[in-house]
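# Close look at the chain arrangement
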Amino acid sequence: MASPSQQLPPGWTAEWDPASQRYLFIQASTGRSQWEIPTPPAQPVDHAPSVSPPPSTTHHGRRRQYAAGQTQAYYGAGDALGDQYGALGVPQQQQPAATTQLFTPGLAAEGGFAGQQQVPQASYYAPQQEPQYINTPGFGQEPTYHPPNAPIHHLTDQFGQMGMGQKPLHLTTTNLLTSPPDPRELVRPPPEIRLPANACITTSPYANADPSYQRCTVNAIPTTSSMLNKSKIPLGLVITPYRTLKEGEPPVPVVTDTVIARCRRCRTYINPYVQFIDNGNRWRCCMCSMSNEVPQLFDWDQIRNQPGDRWARDELNHSVVEFVAPTEYMVRPPQPAVYVILIDVSHTAVQSGMVATATRTILENLDRIPNEDERTKVAIIAYDISLYFFSMPPGTTESTMLVVSDVDDVFLPKPTDLLINLTEARQSLESLLGRINDMFQDNHTVGSAMGPALQAGFKLMAPIGGKIMVLSSSLPNIGAGSLKNREDLKILGTSKESGLLQAASPFYKTFAIECSRAQVSVDMFLFSAAYQDVASLACLPHYTSGQTYFYPAFNAARSEDAIKFAHEFGEVLAMPIMLEAVMRVRASKGLRMASFHGNFFVRSTDLLAMPAVPTDQSYAIEIQIEDTLTQPFVVMQTAVLHTTCHGERRIRVITLALPTTSSLTEVFASADQVAITTLLANKAVERSLTHKLEDARDAVHQRLVEILSSYKSSMTSAGAGANAQLAISENLRMLPVLVLGLLKNVGIRQSAQIPPDLRAYAQALLTTLPSQTLIPYIHPTFFSLHNMAPEAGTVGEQGVILPTPLPLTSERLERHGLYLIEDGQTIFLWIGRDAVPQLVMDVFNLPNYEVLRGGKTTLPVLDNDFSQRVNAIIQKTREMRRGVYYPHLYVVKEDGEPPLRLWALSCLIQDRADVLPSYQQFIGQLKDKVNGANNY
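Residues numbered from 1 in each chain as written. Predicted model: local features only at pLDDT ≥ 70, side-chain atom pairs only at ≥ 80, totals over all residues. Heavy atoms only, no water.

## A few points about the overall build of the protein
Put simply, the rule is: What counts as a helix is a DSSP run of H or I of at least four residues, what counts as a strand is a run of E of at least two, and both are numbered from the N terminus. Note on exposure labels: buried denotes an accessible area under 20% of the residue type's maximum, exposed denotes more than 50%, and partly exposed covers the range between, all computed with a 1.4 Å probe on protein chains only. Here, two residues are considered to be in contact whenever any of their heavy atoms come within 4.5 Å of each other. Each accessible area is a Shrake-Rupley estimate made with a 1.4 Å probe; only the visible protein chains count as cover when residues are assessed.
Looking only at helices and strands, the protein has 23 helices and 41 strands in total. Residue burial in the protein is summarised as follows: out of 936 residues, 59% are buried. By sequence separation, contacts in the protein at least 24 residues apart represent 74% of the contacts at least 6 residues apart. For the protein, the exposed area adds up to about 37,800 Å²; of that, 51% sits on carbon and sulfur atoms.

Printed below as a string of structure tokens:
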């Protein structure tokens, strides 16, 4: 028999692995190893040299490309100038090996990826090598993905989502030391779910949960707890039950006939993974195997009053479905939506323009507040050191202000007309909102009785439930829940810092639990320029399923501040919230929901109470394998019982089916790096509060080391010995850079310079953002604008086309360049000091770089192609992700204000910064630890 080496493509060698009793195949040029026999590269049809296709001769309109010391105008991809000259206007034969003059600011890593710098960009991203992304979307949007040299049958692999895949997942090993992170990996879907044949009773493409609703950290569940422990991959679910629908996405189907089939034993809802038995009269539960009767009306079409088609029922074809609940699912009749808005009217709040902006935003969004059934109720309470109630009798345009100065024993000054029907008292409410700012314009009172205001709002709505929205511009210091300034610069960066991230007063947790019991949710909008104790105030949203929004140093005189707050507050007011909700996650026998992360209150062992569920809020749940899994696949089902904001009791059910495996290879090949990072972020924040920030960082870092060590010892020929490589599966190659981004995130970063309020707010984001928004927050997006492709910024089939994202290192910054860096919360427009005047004129409408001012800004839309493309990219960046956030735009000059420069550069997480390592150093440390760990 010939040895495998004689049958291999050029550049590959085979080594016998005695531990696994099989050959390991290694690619000499990259060090990449894999178990599968490599296939030779596809040969071109003719014998012409492999080159990129000829440039198009069609014109794409006038484009500009900006380089140092000159301005170039060129026409489309087929311009003779563009063919003859490179990016810098130098004839191709005269260009140095690296096509760009690399500029490394002080924080950049020295010599990181030196080998990569020597590769001209044209060949590094050669068309025949790189995956092609048509309209590369924001993270989490589904891209049209075409792998290099894709065979025709590649499209058939998509049927794996429909329960038709039977092949084991392909595991490809990559060497992290020689394969730098590629940000485009993060827009790829998670590893394919390959269920056994006949697992699903339908061929519907919607039979398994879309990852934007529910995703697991591994898409093949190990059959034993010991195998899971051996892999070191944390097992968990990331759930976003009420994600918003983007244009073109199918709505969640609603089953309106109130026929709800559930398992008698485990209470699982019927779904596409059950089995019908006994001639279709009974169904077997996919979780506990219990045999259940099919409800009598299950096959009856109640709308047409005739026999219906069972196989057309939504719950048998869709993994995400909503049932209209019958009366047995109601403790009381569905309650109306109630909004109580508490507005700080102290001197600071009025002078900052917060009061005027807030009242105007409420007024402009009254028609957007959910009120389909015309039962919605609204109340406005203003507060400083006293409480100001407003009586608005229906049918009039008048309102009366009632002042309560006794904040130690809060009472309602009037039994009626404080909480008013939005439709009936619309005129008086509009009149009041137009006058509130004028009423308190000359208010010089300093102080905040927020706690008593919360108690008053609670008294007002406790019989019904609903949402309290608190707008606060200063630290609460009067009455219940009063707080003191505990910001101490001396303990920042020390082991005592985590104390500043915990609530300073027990009031906020006890009051939050009272609210949860009464179905009241709290949202916090915080505006202070000084310390506001976000950590304490964020307790209220945390336990009542609300959300915290933070606008440090808010000043409405800056239009950017006013626009951001008005946009986000308006979106929150218009949000179709789910009221009186409880959530439970069930799983197949042998699996148990172990711990829960997110904004809710755990009412019993596994019942999560959520008084009002906002859209696009995420939850993470850790799962334990208690018994050996004997079934070929498992099912995890999330059920949320809630009242819609138009008064209908419903149950949203999300079902995810995953195969089981006894192969560690499949566990690694199915691991979802995005879900793992989301779970690790939630665990890190929790650990920073129960232990110390340093413990949280160490736990995340150690988990990554353990995963890499396990992969090395189980999946590579090196086994327990030292190795010159740092191996991981291809689908996890971005995990180290994501973990590095998490370790450098403001929420847990090692630093003595981060104010406690900013850190507490970052932690609130880390535990609530859905994966689509969380990943850019941890791993920002970096675009080069001055030399982007001609189609970038123009409209394609799926909207505005974005440039190709760059690795997050300042080595990519050129002195003459224009770049966009964004993390979903903030957008930076970085401009180099040698930017040509034409670039500055085209984008900023200013004559040159010297007169350009850095800082928060609104970019003008100018009458030139480049300006419109840049503005389109910024607009797409603000709109493409789910959520209410409207990022600020900052112009950052290369030689501008140091704090702003450092803030922008901190997004380039592959650089070294302060005591934090560069990506290259981080990988080196990981390699040493992995080799060290395996030697003990």
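## Observations concerning empty space enclosed by the protein
The method is simple in principle: a probe with the dimensions of a water molecule rolls over the atoms, and the space it marks as empty is what remains. Operational definition: The method works on a 1 Å grid over the protein atoms by themselves. A cavity is a set of points holding a 1.4 Å probe that cannot get out, a pocket is an open set with protein on both sides within 12 Å along at least five of seven lines, and residues with an atom within 4 Å of a point line them. Grid points are joined across faces, edges and corners, and a volume is the space filled by probe spheres set on the points. When residue character is reported, Ala, Val, Leu, Ile, Met, Phe, Trp, Tyr, Cys and Pro are called nonpolar, Asp, Glu, Lys and Arg charged, and the others, Gly included, polar.
A complete count under the given rule lists six cavities of 30 Å³ or more for this structure. Empty space within the second largest cavity amounts to approximately 110 Å³. In this structure, the second largest cavity is lined by 14 residues; those nearest its centre are Gln547, Thr615, Asp616, Gly883 and Tyr885. In terms of residue class, the lining of the second largest cavity is made up of seven nonpolar, five polar and two charged.

## A few points about unusual backbone geometry
Phi is positive for asparagine 198, which is not a glycine, with a value near 65 degrees. Residue placement: asparagine 198 occurs in the loop between strand E8 (173–175) and strand E9 (214–216). Owing to a relative accessible area of 71%, asparagine 198 belongs among the exposed residues under this scheme.

## Let's talk about the environment of glycine 466
You can see glycine 466 is positioned in strand E24 (residues 466–472). Glycine 466 sits in the buried class, given a relative accessible area of 3%. Along the backbone, glycine 466 and threonine 376 are 90 residues apart, and their C-alpha atoms lie at a distance of 9.9 Å.

## Observations concerning the pattern of salt bridges
Rules: Just to be clear on terms, a salt bridge is a Lys or Arg side-chain nitrogen sitting within 4 Å of an Asp or Glu carboxyl oxygen.
Throughout the structure, instances matching the rule amount to 36 salt bridges. Where arginine 592 meets glutamate 626, a salt bridge forms, and the shortest distance between an N and an O atom there is 2.9 Å. With arginine 592 in strand E28 (residues 591–597) and glutamate 626 in the loop between strand E31 (619–625) and strand E32 (633–644), the pair connects residues that are 34 residues apart, well separated along the chain. Classification of arginine 592 as partly exposed rests on a relative accessible area of 33%.

## Section: the pairing of E31
The side chains of a regular strand alternate, first on one face of the sheet and then on the other. The cut-off we apply is this: Two strands qualify as a pair provided DSSP detects at least 2 bridges between them.
The buried count for E31 comes to six of seven residues, which makes it a mostly enclosed element. Across four bridges, the pairing between strand E11 (residues 236–239) and E31 is antiparallel. Each bridged residue has a counterpart across the sheet, and for isoleucine 239 the counterpart in E31 is tyrosine 619. Alignment of E28 against E31, held across six bridges, turns out to be antiparallel. By the bridge assignment for E31, leucine 591 is matched with isoleucine 625.

## Quick look at the sheet that holds strand E40 (residues 855–856)
Think of a sheet as strands paired side by side through backbone hydrogen bonds, with each pair either parallel or antiparallel. Where we set the bar: Helix axes are fitted only over the stretch in contact, all axes being lines through C-alpha atoms; the angle between N-to-C directions runs from 0 to 180 degrees.
On the basis of which strands lie adjacent, the open sheet formed by five strands has the order E35-E38-E39-E41-E40 and mixed pairing. Only two strands of the sheet have a single neighbouring strand rather than two, namely strand E35 (781–784) and E40. In terms of strand pairing, strand E38 (residues 818–822) meets strand E39 (residues 826–831) through five bridges, oriented antiparallel. Following the sheet pairing, glutamate 822 is matched in E39 by isoleucine 827. Across the sheet, helix H21 (residues 865–879) is in contact with E35, E38, E39 and strand E41 (888–893); its angle to E38 comes to roughly 10 degrees.

## A closer look at the pairing of E32
Among the twelve residues in E32, twelve count as buried, and that is most of the element. The two faces of E32 match: Phe633, Val635, Gln637, Ala639, Leu641 and Thr643 on one face and Val634, Met636, Thr638, Val640, His642 and Thr644 on the other face are all buried. Bridging between strand E27 (residues 578–587) and E32 involves eight bridges; their strand directions are antiparallel. By the bridge assignment for E32, methionine 578 is matched with threonine 644. Bridge count for E32 against strand E33 (residues 649–661) is eleven bridges, and the pairing is antiparallel. Looking at the pairing, histidine 642 lines up with arginine 650 of E33. Between E32 and E33, which follow one another and run antiparallel, lie four residues, and glycine 647 among them has a positive phi close to 85 degrees.

## Examining the packing of aromatic side chains
Using the following cut-off: Two rings from Phe, Tyr or Trp (for Trp, the six-membered ring) form a pair when their centres are within 6.5 Å of each other. A pair whose planes differ by under 30 degrees is stacked, one over 60 is edge-to-face, and the rest are tilted. Charge over a ring is defined by NZ of Lys or CZ of Arg lying within 6 Å of the ring centre and within 35 degrees of the ring normal.
What the rule picks out here adds up to 24 aromatic pairs. Pairing phenylalanine 525 with tyrosine 549 gives two aromatic rings, centres 4.8 Å apart and planes at 15 degrees, and the pair type is stacked. Taken together, the residues phenylalanine 525 in strand E25 (residues 520–526) and tyrosine 549 in strand E26 (residues 548–550) connect sequence positions 24 residues apart. Residue phenylalanine 525 shares its accessibility class with tyrosine 549, and that shared class is buried. Taken together through their ring pairs, the aromatic side chains of Phe525, Phe527, Tyr549, Tyr551, Phe554, Phe565, Phe569 and Tyr885 make up a single cluster. The ring of phenylalanine 298 has arginine 313 lying over it, and the distance from NZ or CZ to the ring centre is 4.3 Å. One Lys or Arg, lysine 893, reaches over the ring of tyrosine 849 and ends 4.4 Å from the middle of that ring.

## What about the environment of arginine 812?
Positionally, arginine 812 belongs in the loop between strand E37 (799–800) and E38. Residues arginine 812 and phenylalanine 782, 30 residues apart in the sequence, show an inter-C-alpha distance of 9.6 Å.

## Observations concerning the sheet that holds strand E13 (residues 275–277)
Strands sit in the order E13-E14-E15 across an open sheet of three strands; the sheet is antiparallel. Edge strands, defined here as strands with exactly one partner in the open sheet, are E13 and strand E15 (291–293). Put simply, the sheet's adjacent strands are angled 35 degrees from each other on average, direction ignored. Pairing of strand E14 (residues 282–284) with E15, which is carried by three bridges, proceeds in the antiparallel orientation.

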